[in-house]
Amino acid sequence: VVLTLQLPPRATESSLPSPSGPTAAFTMEEVKTPGAMEEEDKVYVPGSPEDLARFFAKVKTTESDALSAKHLDWGWKVLGPEDGAALAHVISKNKTCITLDLFVNEIFEEAGVAVGKALASNMVLKSLDLQQAQVGVPGAKAIAAALKANIPLMSLKMHYNH
């Protein structure tokens, strides 16, 4: 980050405003290293090891912990459509989780479909909270289809999905 002080023409130290007077204008300019990418600018192949690493960092857990936990509380984690493959990975691979909370995450339709498809193969999950996940009609249909195969699921919260 570069900090630039803009002074009027021919300004001298003695002509600078006093602390009690008007302040000088400051501008902030972000400088990026050539070739460097910000984390949010990177594109990951859904479900790839890099994608899963990104996801587990986002939810602040390890893959091992996520795949062995009985309760995953991932509400309010700012999950989005890019997290669908990783969510599906956890849902299909975790054989101990009985409660998965994903409320108030805008995962949207594509990730909702991925969750639904993974849910069909999970025979352990008993409670799934998708309130305000914005899974839309396609996500809801995939989840409904999974309910035909997923007998153990006893609680499904889907309030405020559009």
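For clarity, every value in this text was computed on a predicted model and none was experimentally measured.

> Could you clarify how one ought to interpret the overall build of the protein in this entry?
A count of helices and strands for the protein gives five helices and six strands. A sequence separation of at least 24 residues applies to 75% of the contacts in the protein between residues at least 6 apart. A total accessible area of about 10,100 Å² is found for the protein, and carbon and sulfur atoms account for 60% of it.

> I tried to follow the layout of surface pockets on my own but got confused; where do I start?
Picture a little ball the size of a water molecule; that probe, rolled over the atoms, points out where space is still empty. When its volume is computed, the second largest pocket comes out at roughly 160 Å³. If you trace the second largest pocket, you find it lined by P46, P81, E82, G84, A85, E110, A111, V113, A114 and K117. Put simply, the parts of the chain that give the lining of the second largest pocket at least two residues each are α3 (84-93) and α4 (108-119). Per-element tally for the lining of the second largest pocket: the top contributor is α4, with five residues. Residue composition of the lining of the second largest pocket, by class: six nonpolar, one polar and three charged.

> I would appreciate a short explanation of the environment of D65 in the present structure.
Assignment of secondary structure puts D65 in helix α2 (residues 63-66). In this structure the C-alpha to C-alpha distance between D65 and N94, which are 29 residues apart in sequence, comes to 9.7 Å.

> What's the story with the sheet that holds strand β3 (residues 71-73) in this structure? I'm lost.
Two strands in a sheet stick together by hydrogen bonds in their backbones, pointing the same way (parallel) or opposite ways (antiparallel). The strand order across the open sheet built from four strands is β3-β4-β5-β6, with neighbouring strands paired in parallel fashion. Edge strands, defined here as strands with exactly one partner in the open sheet, are β3 and β6 (155-157). Averaged over all pairs of adjacent strands, the angle between strand axes in this sheet comes to 5°, irrespective of strand direction. Sheet analysis places β3 next to strand β4 (residues 99-101), joined by three bridges and oriented parallel. Within β4, the position partnered with D73 by the bridge is D101.

Procedures and definitions
Residues numbered from 1 in each chain as written. Predicted model: local features only at pLDDT ≥ 70, side-chain atom pairs only at ≥ 80, totals over all residues. Heavy atoms only, no water. Helix = DSSP H or I, 4+ residues; strand = E, 2+ residues; numbered from the N terminus. Contact = heavy atoms within 4.5 Å. Areas by Shrake-Rupley, 256 points an atom, 1.4 Å probe, with all protein chains shown as cover. 1 Å grid on protein atoms, 1.4 Å probe; cavity = no way out; pocket = protein on both sides within 12 Å on 5 of 7 lines; lining within 4 Å. Points joined across faces, edges and corners; volume = space filled by probe spheres on them. Nonpolar A, V, L, I, M, F, W, Y, C, P; charged D, E, K, R; others polar. Pairing = 2+ DSSP bridges. Axes fitted to C-alpha atoms, helices over the stretch in contact; angles between N-to-C directions.

Any functional reading would require information beyond the geometric quantities listed.
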